[in-house]
Amino acid sequence: MINSLFVINLQGKIIIEKHWRGIISRQIVDVFNDESAKFMNSLPGGMEEKGGTGQDWKEPFYTREDVPPILETPKYWLLNVLRDDLIWLCPVDREVDPMLVFEFIHRIIDILTDYLADVSELSIRENFVTVYQLLEEMMDYGYPLTTEPNTLKDIIMPPTIMNRVMTTVGAAAGVAPKFPQNLSTIPWRKAGVKYTQNEIYFDIVEEIDATIAQNGTVVSCEAHGNVVANCRLSGMPDLTLSFINPRVIDDVSFHPCVRYRKWESDKVLSFVPPDGHFKLMSYRAELTHYQALPLQVKPQILISKNGGRFDITVHPRSTDGKPIENVKVSLPMPKSTISVNATCNAGQYMYDPVTKSIKWDIGKIQQRDRAPMLSGTFRSSDLNPETGMTIGIDFQISMYAVSGLKVDSLRLFHEGYKPYKGVRSLTKAGKFHVRT
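Residues numbered from 1 in each chain as written. Predicted model: local features only at pLDDT ≥ 70, side-chain atom pairs only at ≥ 80, totals over all residues. Heavy atoms only, no water.

Peer 1: Is there a simple way to explain the sheet that holds strand 17 (residues 337-344) in this structure?
Peer 2: Hydrogen bonds along the backbone pair up the strands of a sheet, which may run parallel or antiparallel. Read from one edge to the other, the open sheet built from four strands follows the order 14-15-20-17, with strand pairing classed as antiparallel. A single partner strand is all that each edge strand has here, and the edge strands are strand 14 (295-304) and strand 17. Going from strand to strand, the sheet's axes swing by 15° on average, the running direction of each strand aside. Examined bridge by bridge, strand 17 and strand 20 (residues 373-380) share seven bridges and lie antiparallel to one another. (Pairing = 2+ DSSP bridges. Helix = DSSP H or I, 4+ residues; strand = E, 2+ residues; numbered from the N terminus. Axes fitted to C-alpha atoms, helices over the stretch in contact; angles between N-to-C directions.)

Quick look at the structure:
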């Protein structure tokens, strides 16, 4: 069960707070800020054993993103999520499943995104009434209650100019004039939905998380994917979606509309879809070493006295003939770097003297193109500059799923029309790192 929720900006100030089971003092936010600062100013375990504290270093080793999702204090466990520059904090004082809390926090953010389009400090302040009404409906005495956007929109209308005008004259802004009488028996789908064109679209979006050694050996690689749907079907359709090769995926998580037993027995998705946008499923796929590398990056960094030289070459691999787009390479330089002089044969690069890093924007790469190369030298104030930097890679490939997952067919039951089905695939880099 969840006691309270605090939404905090990066400066540690409270934007909103909501209490479902008694009131927790605002001082808990000060405790959270102190514990977060203490962690960010600490040293990794191996360095603490050698002596010294975080105060002995010019810059902290950790950032706010590195703060653990659960912080322990004498009275509370502080469960926190950082998303879109806002911190969502739930203090709990008894045994609770932390994944329930984290899932509920992310569901709140997703619902607010659906209502407000952009979840930020400004948008929340401009729509306080709607936000508090949603928090009231989504949880009852610490237990999740109504979390489906279609049901919530029958109860609380999205904020509009008219609703804001009603707020100024003292009306109940955002609340429907009367409670709807024809609520659906299925909580995630509205009753009486009608469209002139019946269509449903599926997007298969996969992110590659990979760590590549300096010699090109794949240390770890896997893909995390989502199947996102946009449903515009009339009535109460019952769908069956089948894949050509469903056994390439693992650790599958479904929207509540999916009948899990049907997936377990036949590896097909049987469901009554919500209306509009929703995430149908998420999954993980183990990749072979060749699959994990749509790009092969070959770094060469030679350190010399008061500086060094670097050469980075990017080679495209087979992607079923699809071009690799929005390719970007991030190369962190030693903290003691004074200046950088480089040239590239594709795209353009920029050296940031504040973050001490090179951002190389290559753009689009096709397999038949010449391999992009970035070469240059740097000067350092240290006699022996630090080594061991990690190169970050970003890219995306349209109409390509690295796991090989493909939609086979879609069947519709209990309705008399034939829907149009559209499928797109997208592969992009997640945490894709190359060691030097």
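Peer 1: For this particular structure, what's the right way to read the environment of Val-227?
Peer 2: Within the element layout of this structure, Val-227 appears in strand 9 (residues 218-232). For the pair formed by Val-227 and Leu-280, sequence separation is 53 residues and the distance between their alpha carbons is 5.6 Å. Apart from residues lying up to four places away in sequence, Val-227 is in contact with Phe-202, Asp-203, Ile-204, Lys-279, Leu-280, Met-281 and Tyr-283. (Contact = heavy atoms within 4.5 Å.)

Peer 1: Explain the packing of helix 3 (residues 98-116) against helix 5 (residues 128-138) to me, please; I cannot follow it from the model alone.
Peer 2: A pair of packed helices is captured by two measures, namely the crossing angle of their axes and the spacing between those axes. Interaxial distance between helix 3 and helix 5 falls to 11 Å at its minimum, and their mutual angle equals 140°. By the angle between their directions, the pair helix 3 and helix 5 is classed as oblique. Handedness of the helix 3/helix 5 crossing: right-handed. Here Phe-104, Arg-107, Ile-108, Ile-111, Leu-112, Tyr-115 and Leu-116 of helix 3 come into contact with helix 5, specifically with Thr-130, Val-131, Leu-134, Leu-135 and Met-138. By residue class, the composition of the contact of helix 3 with helix 5 is ten nonpolar, one polar and one charged. (Parallel < 35°, antiparallel > 145°, perpendicular 65-115°, else oblique. Left-handed = near helix turned anticlockwise from the far one by under 90°. Nonpolar A, V, L, I, M, F, W, Y, C, P; charged D, E, K, R; others polar.)

Peer 1: Is there a simple way to think about a negative patch on the surface in this case?
Peer 2: Negative charge collects at one region of the surface, where Glu-65, Asp-66, Asp-84, Asp-85 and Asp-118 lie side by side. By the element assignment, Asp-118 lies in the loop between helix 3 and helix 4 (121-126). The exposure class assigned to Asp-118 is partly exposed, which follows from its relative accessible area of 46%. (Patch = residues over 30% accessible without salt bridge, like charges linked within 9 Å, V, L, I, M, F, W, Y side chains within 5 Å. Areas by Shrake-Rupley, 256 points an atom, 1.4 Å probe, with all protein chains shown as cover. Salt bridge = Lys/Arg side-chain N within 4 Å of Asp/Glu carboxyl O. Lys, Arg positive; Asp, Glu negative; His and termini not counted. Charge placed at Lys NZ, Arg CZ, Asp CG, Glu CD. Buried < 20%, exposed > 50% of the residue type's maximum accessible area, 1.4 Å probe, protein only.)

Peer 1: Help me understand unusual backbone geometry, please; the structure alone is not making it clear to me.
Peer 2: Both trends apply: most residues other than glycine have a negative phi, and most peptide bonds are in trans. With a phi angle near 55°, Asp-84 is a residue other than glycine that sits in the positive phi range. Relative to the helices and strands, Asp-84 is located in the loop between strand 4 (77-83) and strand 5 (86-92). A positive phi angle is found at Tyr-141, which is not glycine, with a value near 55°. Along the chain, Tyr-141 falls in the loop between strand 6 (139-140) and strand 7 (143-144).

Peer 1: I keep staring at the nonpolar core and nothing clicks. Help me out?
Peer 2: Note that soluble globular proteins tend to have their nonpolar side chains buried in a common cluster. With 39 residues, the main nonpolar core has Phe-310, Ile-393, Phe-395 and Phe-432 as its most contacted residues. Apart from the residues within four sequence positions on either side, Phe-310 is in contact with Gln-300, Ile-301, Leu-331, Met-333, Val-340, Ala-342, Ile-358, Leu-374, Ser-375, Gly-376, Thr-377 and Phe-378. In terms of nonpolar packing, the next biggest core, distinct from the first, is built from 33 residues, Trp-20, Cys-90, Ile-108 and Tyr-115 among them. (Core = buried A, V, L, I, M, F, W, Y, C linked by side-chain atoms within 4.5 Å.)

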